[in-house]
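Fold and geometry: a report
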Amino acid sequence: MGKLFKYLKQHAGIVLAIIVVLFVQAFCDLSLPTYTSDIVNVGIQQGGIDTDVPEQIGKDDLENLLLLVPSDDVQTVRDAYREGTKQDLDTDVEFYVLKDSVAKDDEKISELFEILGKPMLLAEGLSSDSDELDAMKTQILSQMPEGAVSEDVSMFDILRMMPEEQREAMVDQMEQQMSDMPDTMLEQTAAVYIEHVYKTIGVDMNALRTGYILTTGAKMLGLAFLGLLASVTVGLLASRTAAAVGRDLRRNVFHKVVGFSNSEFDHFSTASLITRSTNDIQQIQMVIVMLLRMVLYAPILAVGGIYKVIHTNVSMTWIIALGVVLIMLLVLVLFLCVMPKFRILQKMVDRVNLVTREILTGLSVIRAFHTEKHEEERFDKANKDLTKTNLFVNRAMTFMMPSMMLIMNGISILIMWTGAHGVDNGQMQVGDMMAFIQYTMQIIMAFLMICMISIMLPRAAVAAGRVDEILTSETAVKDPQKAEHFPKEGRGLVEFDHVSFRYPGAEKDVLHDIHFTAKPGETTAIIGSTGSGKSTLVNLIPRFYDVTQGAIRVDGQDIRQVTQHELREKLGYVPQKGVLFSGTIASNIAYSNEDMTMETIQEAAEIAQAKEFIEEKPDEYDSPISQGGGNVSGGQKQRLSIARAVAKHPDIFIFDDSFSALDYKTDTVLRQALKEKTKDSTVIIVAQRISTILHAEQIIVLDEGEIAGIGTHEELLKNCDAYYQIASSQLSQAELEQAVTGSGKGEAAHE
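Note that the structure is predicted; figures quoted are calculated from it, not measured.

A few words on the sheet that holds strand β3 (residues 95-98). A sheet is described by the order of its strands in space; here 3 strands give the open sequence β1-β3-β2, paired in antiparallel fashion. Of all strands in the sheet, those bounded by a partner on one side alone are β1 (56-58) and β2 (81-83). Sheet twist, expressed as the average angle between the axes of neighbouring strands with direction ignored, equals 30°. Helix α3 (residues 59-66) rests against β1 and β3 of the sheet, and its axis sits at about 90° to β1.

Right, here's the structure in full:
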């Protein structure tokens with residue numbers, strides 16, 4: 001997880017912008033349930049009345065209401081209203097309007113509702129026609145002198161005729177009976193009373209209801225559009241950030257791999273490097289999108305949802321806790337089952353890539369030995385193992401979603417069951433229950449998002465660890481911190497000063513105490529039996545490996561004290577296996593310099609004896625070369641590789657058995673042309689054929705990693721048994737005798 005955030009560090013500004021936009025999105029998402037609740041509670045149930053106290057009230061209704069207000073608070077109520085005018089409402093009824101200073105002050109409105117809440121409930125009850133009210137009226141009239149009051153008089157008229165102390169005592173008694181009534185019931189009844197007084201003064205209730213619903217609906221549409229815009233913006237920024245991280249990781253991995261020595265390539269297989277550069281980075285990129293889009297959003301949504309729930313209805317918060325616990329338990333079980341499989345999964349992807357690469361690159365050998373069936377079975381096994389593990393992971397993930405939906409739907413039913421009792425008891429409204437369901441789903445979805453990403457994180461963490469293993473790996477061959485330089489007058493003198501080399505992890509040296517000098521203008525040939533260390537020796541010069549003991553010097557300078565770039569600028573290297581790149585013949589020859597002239601390219605091709613087959617092609621030097629040089633023969637590939645080195649004009653030529661695919665005639669002509677071109681350069685040739693190195697000024701014979709002899713062809717035939725054995729297997733007896741003595745005594749000299 002830490003590695004994933006490390007990759008995001010350089011994109012901190014965009015991540016901060018994403019967090020800000022996520023807060024906007026969360027605000028929109030969390031506001032919508034509130035507006036839904038308002039439409040149901042206020043727009044539908046309360047007829048569009050969204051105030052706790054009447055904003056407009058008829059004079060008679062106000063006077064009746066004040067009869068139920070304690071005498072100490074009557075003046076406070078009167079001060080809150082002013083006389084209404086035609087501009088306020090076109091009606092013939094005398095009415096009062098709530099002052100602007102009160103209407104815009106929430107504290108004053110709350111204070112006014114504290115005073116008028118229960119009186120409005122009483123007023124609504126006293127205005128209704130019910131048996132209970134008739135019984136109360138009859139009881140009061142029976143206590144008054146007969147004929148003093150008409151029987152059709154209203155309760156408000158009766159209260160008005162009562163002494164103040166008696167009226168207040170009666171009101172207190174009625175309020176005490178309502179002391180256990182929930183605030184929700186009080187608010188709903190207040191809305192009914194306000195609707196009654198509005199109708200009395202001629203307010204159009206249909207227009208009020210429609211206006212409120214349309215206004216609230218318009219706000220919901222605006223918030224939905226803003227939330228959509230925020231969501232799209234976050235998705236865009238997250239995708240761009242993840243793509244940038246993926247691009248940077250691929251670039252860094254590629255740069256790191258390009259700088260690897262052969263030791264690192266021995267540690268990381270090619271198939272694994274390809275998987276890490278593609279599949280693993282893709283995993284990281286996908287998870288980063290989800291991190292920015294979901295993981296950052298989930299806690300914002302969860303905290304906001306909990307805050308909203310607390311302000312909606314505290315009594316049902318236990319349901320949310322239950323839902324979260326059930327989800328966490330489910331995810332924990334899945335997590336324990338799936339997590340170990342993710343590590344295995346990446347290794348199996350490596351295995352499939354390895355087998356595929358081996359089969360594709362060795363297809364000709366497979367066909368030649370008729371082992372297609374065996375290779376098919378080998379690939380089929382790797383593929384089935386990967387498929388089986390993938391199926392297990394995907395089935396576990398598939399099981400998770402129905403389980404999550406079951407929990408969410410069960411929670412919804414539980415909320416409805418509990419909420420229905422609350423609505424029935426007057427403890428909450430229908431709209432509040434609907435909002436509570438939506439908030440609960442949002443909170444559970446937030447935890448669900450976190451849980452889903454937590455299951456994907458292990459695989460991404462494995463991928464990040466594998467990529468980081470490349471990026472943090474120590475390269476065995478490094479440039480010095482303070483690099484030195486080759487002397488400007490240097491021409492490419494190569495010195496091996498008691499060099500020994502051992503492969504990393506090996507128990508003994510491959511090369512031991514190698515000591516010789518290769519001079520400019522001369523050809524130094526290296527020959528020996530298979531496995532004697534010839535290619536290993538020349539691979540030490542370009543620093544594909546570093547020596548274990550001793551030193552290699554070029555123009556008197558230890559090659560470890562200069563940069564690899566400066567060293568390799570002096571080299572023209574032709575590998576044992578010719579390597580070409582997709583492009584054209586010209587681009588492959590001019591590989592060391594994109595601005596190379598056509599004359600130089602043609603000259604190099606002519607020296608390498610490649611001109612003839614190039615000019616036979618329709619497009620000549622613009623002829624395409626397929627990947628790996630698959631559309632040219634082995635000999636043509638080798639000649640183009642030699643031409644590439646010749647075109648560079650280096651101080652040091654290294655030919656690692658680079659003439660093996662050439663016929664004798666081409667080999668002879670090529671070496672003659674090459675000798676003229678390289679007369680001022682140091683030439684080092686690794687060869688298997690004696691004919692290739694007959695005229696070398698210096699031949700080094702290797703035997704099991706040690707120098708068995710150094711000298712010319714003639715000298716070695718006389719003095720080196722290992723060389724004589726190689727020569728006798730390739731040359732005739734007459735050629736041997738002529739080389740040794742020129743008079744037929746070669747064998748005796750050997751003995």
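Right, let's talk about the sheet that holds strand β4 (residues 494-501) for a bit. Strand order in this open sheet of 4 strands is β5-β4-β7-β8, and the pairing throughout is antiparallel. Every other strand in the sheet has two partners, leaving β5 (511-518) and β8 (557-558) as the edge strands with one partner each. Bridge count for β4 against β5 is 5 bridges, and the pairing is antiparallel. The residue bridging Val 499 from the neighbouring strand is Ile 514, located in β5.

As a further point, take the environment of Leu 8. Relative to the helices and strands, Leu 8 is located in helix α1 (residues 2-8). Note on Leu 8: relative accessible area 6%, which makes it buried. A sequence separation of 280 residues divides Leu 8 from Ile 288, and the C-alpha atoms of the two residues are 8.4 Å apart. Excluding its chain neighbours within four sequence positions, the residues that come into contact with Leu 8 are Thr 241, Val 245, Ile 288 and Leu 292.

Burial of strand β13 (residues 682-686) is extensive: 5 of the 5 residues sit out of reach of the surface. Side chains Thr 682, Ile 684 and Val 686 project from β13 onto one buried face, and the interleaved Val 683 and Ile 685 project onto a second face that is buried too. Bridge analysis of strand β6 (residues 523-528) against β13 gives 4 bridges, and the strand direction is parallel. Counterpart to Ala 525 in the pairing with β13 is Ile 685. With 5 bridges joining them, strand β12 (residues 652-656) and β13 adopt parallel strand pairing. Bridge pairing links Phe 655 to Ile 685 in β13.

Here we come to unusual backbone geometry. Here Arg 543, not a glycine, exhibits a phi torsion of approximately 65°, which is positive. Looking at where Arg 543 falls in the secondary structure, it is placed in the loop between α19 (534-539) and β7 (549-554). Here Arg 543 falls in the buried class, since its relative accessible area comes to 2%. Phi at Glu 704 takes a positive value of approximately 55°, unusual for a residue other than glycine. Relative to the assigned elements, Glu 704 resides in the loop between β14 (698-703) and β15 (706-711).

Definitions and cut-offs
Residues numbered from 1 in each chain as written. Predicted model: local features only at pLDDT ≥ 70, side-chain atom pairs only at ≥ 80, totals over all residues. Heavy atoms only, no water. Pairing = 2+ DSSP bridges. Helix = DSSP H or I, 4+ residues; strand = E, 2+ residues; numbered from the N terminus. Axes fitted to C-alpha atoms, helices over the stretch in contact; angles between N-to-C directions. Contact = heavy atoms within 4.5 Å. Buried < 20%, exposed > 50% of the residue type's maximum accessible area, 1.4 Å probe, protein only.

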